[in-house]
Amino acid sequence: MTIYFYKVWQPYGCFSNFSLHGIHIEGTYWPTVEHYYQAQKFVDSADAAIIPLIHAAPTPEEAASLGRCSTRQLRRDWNLVKTQIMREAVLKKFLTHADIREVLLMTGDEILVENSPTDSFWGCGANKAGLNHLGKTLMSVREEIRNLLSLAVIYE
Ligand SMILES: Nc1nc(O)c(N)c(N[C@@H]2O[C@H](COP(=O)(O)O)[C@@H](O)[C@H]2O)n1
């Protein structure tokens, strides 16, 4: 059975990057994965001054809106690094928060799909045929956490 998720108030909403699960990365606390992800778009770019504003955005929706402003200049390597940046943040989220880690592990080997009608890169898009990179990231993180847990049992 494929598990679809999207908005935080819907089933499996904790898989959304907008869920209120903070992460510490390189000494900085970010209120959501979305805040971190949107800010990373501008690292070392001419518009890096937007980063503290994204960091301080009161909601992930506002962080996304700041990061999606089409007149700002993204870092040059963004398309090359964005999936790795997302994976690092999503892994940190599920290593940090035990309650949602259990939800992720309980999905077993089910396919996870971000059911975004507007995003066919991170989600499946309106026609359900999109790349689903967020779902793939979550499945890869799920596998990594399983491996980490099995190693912990071996070395206990
Ligand atoms: N608009 C919107 N609302 C939500 O609740 C979402 N979960 C998403 N998807 C997330 O948007 C991010 C991609 O943003 P960019 O298009 O690269 O600016 C990514 O975190 C998706 O999972 N969108």
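Looking at an unreviewed UniProt entry, one finds the protein chain named NADAR domain-containing protein, with Nostoc cf. commune SO-36 as its source organism.

Sorry, what's going on with the overall build of the protein chain here?
Across its full length, the protein chain holds six helices and four strands. Starting at the N terminus, the α and β elements of the protein chain follow one another as β-β-β-α-α-α-α-α-β-α. Here the protein chain has a C-alpha radius of gyration of 16 Å; the compact-globule value for 156 residues is 15 Å, and the two agree. Along the first, second and third principal axes, the C-alpha set of the protein chain runs to 50 × 40 × 30 Å. Evaluated residue by residue, the protein chain yields a buried proportion of 43% over its 156 residues.

Could you clarify how one ought to interpret helix 1 (residues 33-40) in this entry?
Three- or four-residue spacings in an α-helix give side chains the same orientation, since the helix completes a turn every 3.6 residues. In terms of burial, helix 1 is largely enclosed, as eight of its eight residues are buried. All buried positions along helix 1 are accounted for by Val33, Glu34, His35, Tyr36, Tyr37, Gln38, Ala39 and Gln40. As for helix 1, its buried residues are in contact with strand 2 (23-25), strand 3 (28-30), helix 2 (51-55), helix 3 (60-67) and helix 4 (78-96). Where helix 1 starts, the residue carrying a side-chain oxygen 3.2 Å from the main-chain nitrogen of glutamate 34 turns out to be threonine 32.

Rules used in this analysis
- Residues numbered from 1 in each chain as written.
- Predicted model: local features only at pLDDT ≥ 70, side-chain atom pairs only at ≥ 80, totals over all residues.
- Heavy atoms only, no water.
- Helix = DSSP H or I, 4+ residues; strand = E, 2+ residues; numbered from the N terminus.
- Rg over C-alpha atoms; globule rule 2.2 N^0.38 Å.
- Buried < 20%, exposed > 50% of the residue type's maximum accessible area, 1.4 Å probe, protein only.
- Contact = heavy atoms within 4.5 Å.
- Polar contact = N/O pair within 3.5 Å; in protein donor to acceptor, adjacent residues only side chain to side chain.

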